[in-house]
Amino acid sequence: MSSIVQTLADGTKRLVNPGRVCATTGLSVCSTAQRFIKLNAVAAVVFLLVGGVAALLLALTRWQTVHLLNAEWFYRIVTLHGLNMLIFWILFMEVAILYFTCTTPLNSKLFSKGVAWTSFGMMLTGAVMVDVVIFKGQGDVMMTSYLPLLAHPAFYFGIILVAVGTLIGVFNFFATLYIARRDKTYEGSMPLVTFGALAAAIIAVVTLLHGAIVMIPTFSYSMGWTPQPDPMWYRLIWWGLGHQSQQVNVCAMVACWYFLASVTTGARPLNEAVCRTAFVLYVLFINLASAHHLLVDPGIGATWKIWNTSYAMYLAVLASMIHGFTVPASVEVAMREKGYVRGLFGWLTSAPWGNPGFSGFFLSLVIFGFGGGITGVTLGTQQINIIAHNTLRIPGHFHVTVVGGTTLAFMALAYYVIPLIFEKDFIGRKFARVQPYLFGGGITMLAIGMSFAGSMGVPRRSWDIDIAGVYGPAAHLMLGLVGIGGIIAFTGLLIFVLLCVGTLLFGASTEGRAMTDWGVAKSVTGAPTAQLGEHDHSATKGTFVLTLIFLTCFAVYYFANWKALADVWPVR
Amino acid sequence: MSSLLVPARGWFRAPSGHERTWIGLALCWCLVLTLMMPFWHFRGKQNSRGEAYLVTPAGFQARVDKFIAATKVGEQNGIPVVSPAPGGDAYVLARMWSWSPILKLRQGETYRVHLSSLDLQHGFSLQPLNMNFQVMPGYDHVLTLTPTSKGTFTIVCNEFCGIGHSTMIGKIIVE
Ligand code: HEM
Ligand SMILES: [Cu+2]
Ligand SMILES: [Cu+2]
């Protein structure tokens, strides 16, 4: 294939690698990368559907009045849901995102097709293996598979395959960055979205190595080759995998925010140095974080717990708080430059809320920040964990991080990936416009129900709470909220899957033309054309007020929890 | 310039405006978050120090049996009720799917409560107080606990431990 010379908006020319030029963005798309983005994204959506059906069953079982499944199937389906959602849906989607961010923004081709096939093949085989074991009833051990619980060896082997397959995909990403730099497909620093993906990839390597360290001896034990690893050691290393992988999700989600802010409102990063430093903070400080799953565990001292809980001073939290400012601030500046200057929040109310790429991303930002961030830091505080560990507060927290945050951001991304990479215009556009609200709203409701039920002591991963005889009508009401929120969120999820599949089958092709616009922010006629700088206080005042409100909520929730802790029995 | 494009040269500069103020505020807040934990460690009354000793399941079982024999005051549904000496050791043994014995404690006294498991991991969740601790096989997890309220408290297992997990209920009585 011949190279194409492409002219950028500012008049500079650059060489485009084999592939095509996107008619919407003017960026180049590598055809190999495109194929593997498609494969991984399709696999991701299939696992999302499996996990979604499981989610509905769980929500309808935890809703004590409905109590759908029997105990055996409840625990089986919790295992299925956790793995298909948290591991398979998320990892396949992340590999797709890595392949996109190392090719198109860098104007490069993907390093290797063979490597991409190997990665995809291993991941898919592993994931299918795990699901088969679960359905055969030989893996009722939850996704954490805490020893001495023991599953069929194929369960562990499947997980190892998925982990190693993902590592190979990550290798393909790094190798592509290398050849792009070597072949000078771009000049200067890599774009911010790619930088965010790079941070995610680095953390993913550390994470997956922990996975290998813990899963290989466990697999070997399940085969009867070696003695049982110590269960406390298992918890420590497993959470090196389990928690850090959440930071991969956060990085990938933030990269999506920057991407979607740019394509839906024309936002540009205010200060690249700040955004990038925040990503570096994730890489540097997150690797200690597995501690906050072990805060009430035996055999680990208070000093170790405190030091590791704060990741040596909460600098990864700082990073999220920085992104939580820079992303909406970049939208505010872009909107003000387009002429939406009225009051504090005129820029926000005039934003393209009917565009699922925008609404999905902005809801994800709000749900993640106000919901996930505040609860996460609070529950993960060394002593406060005493009144939260293994209660429903924990799933209440992570359904507003990795679901209302990451999953919703990935859904929003799909509203652009499918037209741009699969070259199909979405069908059912009216449904698409409400989908983020349904999913985001349902998950928020579910998480609120879980959090309050958890505050009343309701355990997570429990089939029935009435046997204990200590939970009153308020707890049951909250579990009702889990059920109803779950149904709404599932509806949003199902619409998403149907729209994606329907579009792939029946959507109008966008080959050679721009995608049909979802509705992006347009300039008001007569708007001043000058660019606003970040030092211009009137340009970001709305965001600043929003972040102050956020900080207030944070402080109130945080200290209310210290108060609640002070009310329980003294314990050392 | 969008986040998808290569940034213009000279992008590395210090933050300014609201952005700088926010970073400053956020950093101060992170400092508060960090300092609260050591502060509570020294001043607060609720801490999880993770005091623990290695123990074999059989060894722990033997200690629990001895403890029950020495302090038993009754029985409820086949589970012994014990009244340990204030200031002394008390044991709760977790197994699939029961907690034993039932502790009878005195309000305001302090006990060293030893938790361990004979089989899988379990979760010691004391309701309705909602205090939660991990119970591990092979580890004698010691909580230095001072009941400050009277009543009957329920131990709920909150770590998945097989099909009977939600039926694993125990009791602590404070009078
Ligand atoms: C329609 C959307 C969803 C609903 C209604 C839903 C509902 C639930 C419910 C009811 C539970 C069981 C809580 C318990 O009893 O402990 C659960 C657990 C869980 N969910 Fe979801 N969920 C949804 C989406 C997701 C997504 C997208 C992810 C990940 C990306 C996810 C990750 C998890 C994980 C990791 C667990 C814990 C499993 C375990 O304890 O082993 N969920 N969810
Ligand atoms: Cu148990
Ligand atoms: Cu249990």
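To keep things clear, this report deals only with the structure shown in the data block. Source: prediction; values computed, not measured.

1. So, the overall build of chain B
- If you tally the helices and strands in chain B, you get two helices and 12 strands.
- Relative to the 2.2 N^0.38 estimate, which gives 16 Å for 175 residues, the radius of gyration of chain B is 24 Å and therefore markedly larger than a compact globule would have.
- For chain B, the spread of C-alpha atoms along the three principal axes comes to 80 × 35 × 30 Å.
- Within the span of chain B, comprising 175 residues, buried residues form 55% of the whole.
- Excluding contacts between residues fewer than 6 apart, the proportion of contacts in chain B whose partners are at least 24 apart in sequence is 57%.
- For chain B, the accessible surface area stands at approximately 7,100 Å², while carbon and sulfur atoms represent 59% of it.
- For chain B, the separation between the mean place of its 15 positive charges and that of its 10 negative charges on side chains is 9 Å.

2. Topic: the side chain of Ser125(B)
All names here are of chain B.
- Relative to the elements of secondary structure, Ser-125 occurs in strand β8 (residues 122-127).
- Engagement of the side chain of Ser-125 in a polar contact is seen with the side chain of Asn-132, the distance being 2.6 Å.
- Setting aside residues no more than four positions away along its own chain, Ser-125 makes contact with Asn-130, Met-131, Asn-132, Thr-154, Ile-155, Val-156 and Asn-158.

3. With respect to the coordination of the iron atom of ligand 1
All names here are of chain A.
- For the iron atom of ligand 1, the full set of protein donor atoms is His-81 (NE2) and His-399 (NE2), at a range of 2.0 Å.
- For the iron atom of ligand 1, the six donor atoms in the first shell make angles of 86 to 180° at the metal, so the coordination geometry reads as octahedral. In this pair, His-81 is assigned in helix α2 (residues 71-103) and His-399 in helix α13 (residues 393-421), connecting sequence segments 318 residues apart. Side by side, His-81 and His-399 carry an identical accessibility label, which is buried.

4. Here we look at helix α16 (residues 541-566) of chain A
- With 26 residues, α16(A) should reach 38 Å at 1.5 Å per residue; the first-to-last C-alpha distance of 38 Å fits that figure.
- Of the positions making up α16(A), those classed as buried are Gly542(A), Thr543(A), Phe544(A), Thr547(A), Phe550(A), Leu551(A), Phe554(A), Tyr558(A), Asn561(A), Trp562(A) and Leu565(A).

5. Here's the deal with the interface of chain B and chain A
- The interface of chain B with chain A comprises 78 residues on the first partner and 104 residues on the second.
- If you sort the residues of chain B by the area they bury against chain A, Leu4(B), His18(B) and Trp22(B) come out on top, with a joint share of 11%.
- At the junction of chain B and chain A, the tally comes to two salt bridges.
- Where Glu159(B) meets Arg235(A), a salt bridge forms, and the shortest distance between an N and an O atom there is 3.7 Å.
- Listing elements by their share of the side of chain B that touches chain A, those giving two or more residues are α1 (17-43), β8, β9 (131-135), β10 (139-145), β11 (151-157) and β12 (169-174) of chain B.
- When the residues that make up the side of chain B that touches chain A are grouped by side-chain class, the tally is 43 nonpolar, 28 polar and seven charged.

6. Concerning the site of ligand 1
All names here are of chain A.
- Lining the immediate surroundings of ligand 1 are 24 residues, of which Arg-62, His-81, His-399, Arg-460 and Arg-461 lie closest.
- Between ligand 1 and Arg-460, the relevant distance is 2.9 Å, taken from an oxygen atom to a side-chain nitrogen or oxygen of the residue.
- The backbone of Arg-461 places a nitrogen or oxygen atom 2.6 Å from an oxygen atom of ligand 1.
- Elements with a minimum of two residues in the shell around ligand 1: α1 (31-62), α2, α13, α14 (429-455) and α15 (473-506).

7. Some details on the coordination of the copper ion (ligand 2)
Residue and element names in this part refer to chain B.
- Coordination of the copper ion (ligand 2) by the protein is provided by His-122 (ND1), Cys-157 (SG), Cys-161 (SG) and Met-168 (SD), with metal-donor distances spanning 1.9 to 2.5 Å.
- Bound by four donor atoms, the copper ion (ligand 2) shows angles of 94 to 132° at the metal and therefore tetrahedral coordination geometry.
- Between consecutive donor residues of the copper ion (ligand 2), the sequence gaps follow H-x34-C-x3-C-x6-M.
- Taking the relative accessible area as the measure of exposure, Cys-157 reaches 2% and is therefore buried.

About the cut-offs
Residues numbered from 1 in each chain as written. Chains lettered and ligands numbered in written order. Predicted model: local features only at pLDDT ≥ 70, side-chain atom pairs only at ≥ 80, totals over all residues. Heavy atoms only, no water. Helix = DSSP H or I, 4+ residues; strand = E, 2+ residues; numbered from the N terminus. Rg over C-alpha atoms; globule rule 2.2 N^0.38 Å. Buried < 20%, exposed > 50% of the residue type's maximum accessible area, 1.4 Å probe, protein only. Contact = heavy atoms within 4.5 Å. Areas by Shrake-Rupley, 256 points an atom, 1.4 Å probe, with all protein chains shown as cover. Lys, Arg positive; Asp, Glu negative; His and termini not counted. Charge placed at Lys NZ, Arg CZ, Asp CG, Glu CD. Polar contact = N/O pair within 3.5 Å; in protein donor to acceptor, adjacent residues only side chain to side chain. Donors = N, O, S within 2.8 Å, 3.2 Å for Na, K, Ca; no water. Tetrahedral: all angles 85-135°; square planar, octahedral: opposite > 155°, others 65-115°. Expected span 1.5 Å × (residues − 1). Buried area = accessible area lost by both parts, 1.4 Å probe. Salt bridge = Lys/Arg side-chain N within 4 Å of Asp/Glu carboxyl O. Nonpolar A, V, L, I, M, F, W, Y, C, P; charged D, E, K, R; others polar. Near = heavy atom within 4 Å.

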